[in-house]
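Commentary on secondary and tertiary structure
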Amino acid sequence: DGLLDDALLTALAERIAALHHGAEISGDTHGARRLLDVVVGNRASMARYPAILDPALADTVTDQLTAQIGAQSALLDDRAAGGRVRHGHGDLHLDNIAVLDGIPVPFDCLEFDPEYAIADVLYDLAFTLMDLWARGLRHEANLLVNAYLDAAPDDESGFVLLPTMVAV
C-alpha cells in the first residue's frame, strides 16, 4: 500500500542481516546439495498437480535450476564451508514481517521442521526479494538487497546466486 519507504526497507535489511549474523551456523558444507534438495522436493510437489502445473514445464524448470545449481556449486559449497549456511527464518516473505513502533520485525519463523530453516542466508533473504518482485516492487527489492549487502559484506560474493535462489 505504498508504506514501504526507503528508511523502513533499510531498517528491514539491517534486521535481516542481524538475524543472520546471530543465527546458528550449520555444520553442513554441502551448499549446492542443500539447494538441489529443495528443487527436487519442489518437483515432487509439482507432480501432484499435473492439471494445474504442466509436467513438461515443471521438468524444464527443474532441469534449468539443476543446471544453474551445478554451475554455481563451487560457490554454494564455499559459502557453506565459510559459515553462510545457518538456521535462519525459513519463510521470510512479507506476511511474516510486522512493523512494531516503526521497527520491522520478522516473526513466525519456520519451526515445524528445523531442517527447512537451515539454508544459505541469501536463500532466506531471497524469500523477501521474491515477494517484493512478485508484487511489482522492483525499487524496494533493489533497495533491500543493496542495504542488506551493506549490512552483511560477507555476503557480497554470493550476489550472483540470488537469481537462482529467488527462482528456487
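For the structure, check the block above.
Computed from a predicted structure; not experimentally measured. (Residues numbered from 1 in each chain as written. Predicted model: local features only at pLDDT ≥ 70, side-chain atom pairs only at ≥ 80, totals over all residues. Heavy atoms only, no water.)

Thoughts on the overall build of the protein chain
Looking only at helices and strands, the protein chain features seven helices and four strands. When the elements of the protein chain are put in sequence order from the N terminus, they spell out α-α-α-α-β-β-β-β-α-α-α. Taken against the 2.2 N^0.38 rule, which gives 15 Å for 168 residues, the C-alpha radius of gyration of the protein chain at 16 Å falls within 12% of a compact globule. If one aligns the C-alpha atoms of the protein chain with their principal axes, the spans along those axes are about 45 × 35 × 30 Å. Here the protein chain holds 168 residues, and 42% of them are scored as buried. With the model as given, the accessible surface of the protein chain reaches about 9000 Å², and the carbon-plus-sulfur share is 57%. Positive and negative charge centroids in the protein chain, built from 10 and 27 side chains respectively, lie 4 Å apart. (Helix = DSSP H or I, 4+ residues; strand = E, 2+ residues; numbered from the N terminus. Rg over C-alpha atoms; globule rule 2.2 N^0.38 Å. Buried < 20%, exposed > 50% of the residue type's maximum accessible area, 1.4 Å probe, protein only. Areas by Shrake-Rupley, 256 points an atom, 1.4 Å probe, with all protein chains shown as cover. Lys, Arg positive; Asp, Glu negative; His and termini not counted. Charge placed at Lys NZ, Arg CZ, Asp CG, Glu CD.)

Section: the pairing of strand β3 (residues 103-106)
Of the two faces of β3, only the one carrying Pro104 and Pro106 is buried; Ile103 and Val105 on the other face are not. Across four bridges, the pairing between strand β2 (residues 97-100) and β3 is antiparallel. For Ala98, the partnering residue across the bridge sits in β3 and is Val105. A loop of two residues connects β2 with β3, the two strands running antiparallel in sequence, and Asp101 in this loop sits at a positive phi of about 55°. (Pairing = 2+ DSSP bridges.)

Concerning the environment of Ala18
In this structure, Ala18 sits in helix α1 (residues 6-22). For the pair Ala18 and Ala152, spaced 134 residues apart in sequence, the C-alpha separation works out to 8.4 Å.

Here's the deal with unusual backbone geometry
With a phi close to 55°, Asp101 is a non-glycine residue in the positive phi region. If you trace the backbone, Asp101 turns up in the loop between β2 and β3.

Comments concerning the packing of aromatic side chains
What the rule picks out here adds up to one aromatic pair. Taking 5.4 Å as the distance between ring centres and 80° as the angle between the ring planes, the aromatic pair formed by Tyr123 and Phe127 counts as edge-to-face. With a gap of four residues between them, Tyr123 and Phe127 both fall in helix α5 (residues 121-134), about one helical turn apart. With a relative accessible area of 21%, Phe127 lands in the partly exposed category. (Phe/Tyr/Trp six-rings, centres within 6.5 Å; stacked < 30°, edge-to-face > 60°.)

Quick look at the side chain of Arg84
In this fold, Arg84 is placed in the loop between α4 (73-81) and β1 (85-87). Beyond its immediate stretch of four places on either side in the chain, Arg84 contacts Arg79, Ala119, Asp120, Val121, Asp154 and Asp155. (Contact = heavy atoms within 4.5 Å.)

A closer look at the nonpolar core
Membership of the largest hydrophobic core comes to 33 residues, with the highest contact counts inside it found for Ile69, Leu125, Tyr148 and Met165. Those elements that provide at least two residues to this core are α1, α2 (31-47), α3 (55-71), α5, α6 (138-151) and α7 (162-167). Per element, the largest residue contribution to this core is seven residues, and it comes from α5. In this structure Met165 touches Leu35, Leu76, Asp120, Leu122, Tyr123 and Ala126, once residues within four positions along its chain are discounted. (Core = buried A, V, L, I, M, F, W, Y, C linked by side-chain atoms within 4.5 Å.)

In short, geometric facts, not functional conclusions.
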